[in-house]
Amino acid sequence: MNGRHDICGQAHSLTVLTSICAGHESALARYLNALGSGPASPLSHVGRTHFARWVVVGDVVFEGTGERDHLQFAQLLFTSNFDGTDLDSYLESLRTGLGVAADEIWSHCNGYPGSGDPAAFAAYMRRHHVESSLFFAAYGARTVEDVTSSLALRNELIAFAMSTQGLPPADLQSAFERRFPR
Amino acid sequence: MANIEGKATAITVLTPVRRGGPILLGVVFWAGRNLAFTLAKLETLSFIHYARWTLIKRFPDGSDGEGQRPNHTYLFFESNFNGTWDQYIDAFSEIVALRMKAIWGTSLGFPGPLPVEPFKQYIRRNEYVANHYWSAYPGHTTTEIISAGDVATKFKAFHEASAGLSPEAFDAAYKAFLTQVQGNL
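What this report covers is the structure whose coordinates are included nearby. (Residues numbered from 1 in each chain as written. Chains lettered and ligands numbered in written order. Predicted model: local features only at pLDDT ≥ 70, side-chain atom pairs only at ≥ 80, totals over all residues.)

What follows deals with the overall build of chain B. Within chain B, the secondary structure is distributed over seven helices and five strands. Secondary structure elements in chain B, listed N-terminal to C-terminal, are β-β-α-α-β-β-α-α-α-β-α-α. Computed over C-alpha atoms, the radius of gyration of chain B comes to 22 Å, more than 25% over the 16 Å expected from 2.2 N^0.38 for 185 residues, which places it beyond the range of a compact globule. The buried share among the 185 residues of chain B stands at 37%. (Helix = DSSP H or I, 4+ residues; strand = E, 2+ residues; numbered from the N terminus. Rg over C-alpha atoms; globule rule 2.2 N^0.38 Å. Buried ≥ 20, exposed ≤ 12 C-beta atoms within 10 Å, placed from the backbone.)

This is the structure we're talking about:
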C-alpha cells in the first residue's frame, strides 16, 4: 500500500529521494537536462503520469540562523503525480516505461540495483519513498485518460456546435448521431 | 533545466524548519487533510494542478542505515501550476496569506507572505530548478481541464437521455444541454 497521505481522490503523489554517488552530480544533471520534452521524454512512456520531475539538489540552503547544514551527498529528487490504486503497479510501469533511461538516471545513485530485477527496483524506490504530509489535487477524481478524453470531447463538441448552427431538428439529430454514435 | 513545460510551471522548494516546527506543522497538515475548507481555498486559486508538502527529517546517504539527520527538518514543497512564477507567488501571498503563514511560519528566514517582494526573494533563494519536467497535457490549464471534465459529465447524461427522442424533442434537449455547458465551452 502507498502512504495514506499520498492520496487525493484517486490521484497519488510519489516522492523519491536518493543520494547521488560522489562526483556524479554533473553527469547526472547533464543527462537529465538533455532529455527531450513532450513525446521525446522517457516519462511519455510511463502511463498514468500527470506531472513528474527530476531535480538534482546539490545542498540545502542556509538561512542565516541556526546551525548550518550540509548534505553529505547531493540528492536526486523524483516526484510524480499519478493515477492508480497501488504504488507497486506504478513502480513497475516506471521501470518498464522508462526503459534504459531508468538505469541512465538512477545508476548515478548509491545502492541502485538496476532495472533488471522488478522486485529489487521496486524495493529501492520504496525504501527511498518519502510520504507526503499534505497532497492537493485540483481534479483528483480524474485520470490522465479522463482528462485527455474530456479535453478532446470538448473540442469536438465546440466544432460540432459551430458546424450545425441553424440546422433543422431532423438534420441536427442525424448529424449528432453520426458524430456521437450510441 | 526545465521548470516550464507548455503552460505548466514547476516549483520545488526546500526550507529549513525551526525547532518545534514539525509538531506545529503536524497540526497544520492534519487540518489540511481533515478540514475541507483549508484546501478548498486552493481550489479557488484555480491554477494549481497538483501540490504537495512533505517533511524530510533524514536524507539518504547510501548506507543501509537511517541516512543523514541534519540539524533541521526540511519542508519540501512542490507545485504544478499554470501561469507565470510571479503571478503564482502574488496570488499565494495575497489570497491565501494566512495559510502561507501557517505552513511556512515555522521555516527559518521566512519573512511572511506580505509584502510580496521579500517573500519572492525567500522562495527564489530556497528554490531548485527541475532538471527535467513532464506534463501529460502541457497545452492545458487547470481551468480548462476542470471545465472539460464538467462538459464530459453533462454530455454523458445528455447522450444517454437523448436516445430515441423525436427530432423536435432532441432539438430542445440539445439546446438545453448547450445552455447548460456554454460557460465551459
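Moving on, we get to the overall build of chain A. When helices and strands are counted, chain A shows six helices and five strands. Along chain A, helices and strands appear, N-terminal first, in the series β-β-α-β-β-α-α-α-β-α-α. The globule rule puts the C-alpha radius of gyration for 182 residues at 16 Å, and the 22 Å found for chain A is more than 25% above it. Its C-alpha atoms put chain A at 75 × 40 × 35 Å along the principal axes. In chain A, once contacts between residues fewer than 6 apart in sequence are set aside, the share between residues at least 24 apart is 75%. (Contact = placed C-beta atoms within 7 Å.)

Between chain B and chain A, the contact holds 68 residues from the first and 68 residues from the second. Tallying contributions element by element places helix H6 (residues 142–161) of chain B first for the side of chain B that touches chain A, with ten residues. In the side of chain B that touches chain A, the residues fall into 39 nonpolar, 18 polar and eleven charged. (Nonpolar A, V, L, I, M, F, W, Y, C, P; charged D, E, K, R; others polar.)

Because each turn of an α-helix spans 3.6 residues, side chains separated by three or four positions end up pointing in the same direction. Given a rise of 1.5 Å per residue, 20 residues ought to cover 28 Å, and the 29 Å separating the end C-alpha atoms of H6(B) matches this to within 8%. Along H6(B), the residues classified as buried are B:Thr142, B:Ile145, B:Ala148, B:Gly149, B:Val151 and B:Ala152. (Expected span 1.5 Å × (residues − 1).)

Once that is clear, we can look at the sheet that holds strand S3 (residues 48–56) of chain B. Read from one edge of the open sheet, five strands run S5(A)-S3(B)-S4(B)-S2(B)-S1(B), paired in antiparallel fashion. At either end of the open sheet lies a strand with only one pairing partner, and these are strand S5 (134–137) of chain A together with strand S1 (4–5) of chain B. Strand direction decides the pairing type here: S1(B) and strand S2 (residues 8–17) of chain B, joined by two bridges, are antiparallel. Bridged to B:Ile4 within S2(B) is B:Thr9. (Pairing = 2+ DSSP bridges.)

For residues that are not glycine, phi is negative in most cases, and the peptide bond is trans in most cases. Following B:Leu114, the chain continues into B:Pro115 via a peptide bond in cis, with omega recorded as -5 degrees. Despite not being glycine, A:Arg48 shows a phi value in the positive range, around 75 degrees. The topology assignment puts A:Arg48 in the loop between helix H1 (25–34) and strand S3 (49–57). Exposure remark for A:Arg48: the 20 C-beta atoms within 10 Å place this residue in the buried category.

Pairing within the open sheet is antiparallel, and its five strands lie in the order S1(A)-S2(A)-S4(A)-S3(A)-S5(B). Edge positions in the open sheet fall to strand S1 (7–8) of chain A together with strand S5 (132–135) of chain B, since each of these has one partner strand only. Taken together, the two bridges between S1(A) and strand S2 (residues 11–19) of chain A define a ladder with antiparallel strand orientation. Bridging across to S2(A), A:Cys8 finds its partner in A:Ala11.

All right, on to the nonpolar core then. Membership of the largest hydrophobic core comes to 83 residues, with the highest contact counts inside it found for A:Val56, A:Leu76, A:Phe136 and A:Ala137. The residues touching A:Ala137, leaving out its near neighbours within four places in the chain, are A:Cys8, A:Gly9, A:Ala11 and B:Tyr50. (Core = buried A, V, L, I, M, F, W, Y, C linked by C-beta atoms within 7 Å.)

A separate point is the packing of H6(B) against helix H7 (residues 167–181) of chain B. All names here are of chain B. Taken N-terminus to C-terminus, the directions of H6 and H7 make an angle of 170 degrees; their axes are 10 Å apart at the nearest point. Between H6 and H7, the angle is such that the two are roughly antiparallel. Taking contact as the criterion, the partners of Val151, Lys154, Phe158 and Ala161 in H6 are, on H7, Ala173, Phe177, Gln180 and Val181. Classifying every residue of the contact of H6 with H7 by side-chain character gives six nonpolar, one polar and one charged. (Axes fitted to C-alpha atoms, helices over the stretch in contact; angles between N-to-C directions. Parallel < 35°, antiparallel > 145°, perpendicular 65-115°, else oblique.)

Now for the pairing of S3(A). Most of S3(A) sits inside the fold, with nine of its nine residues counted as buried. Across eight bridges, the pairing between S3(A) and strand S4 (residues 75–83) of chain A is antiparallel. Bridge pairing links A:Ala52 to A:Ser80 in S4(A). Summarising the sheet, S3(A) and S5(B) pair through four bridges and their orientation is antiparallel. Bridge pairing in S5(B) places A:Phe51 opposite B:Ser135.

In this section: the environment of B:Thr142. As for its position among the elements, B:Thr142 is in helix H6. Residue B:Thr142 is classed as buried on the basis of its C-beta count, with 22 C-beta atoms lying within 10 Å. Every residue in contact with B:Thr142, bar those within four places of it in the chain, is listed here: A:Ala138, B:Ser46, B:Phe47, B:Ile48, B:His49 and B:Asn82.

Geometric descriptors of this kind do not, in isolation, establish any biological role.
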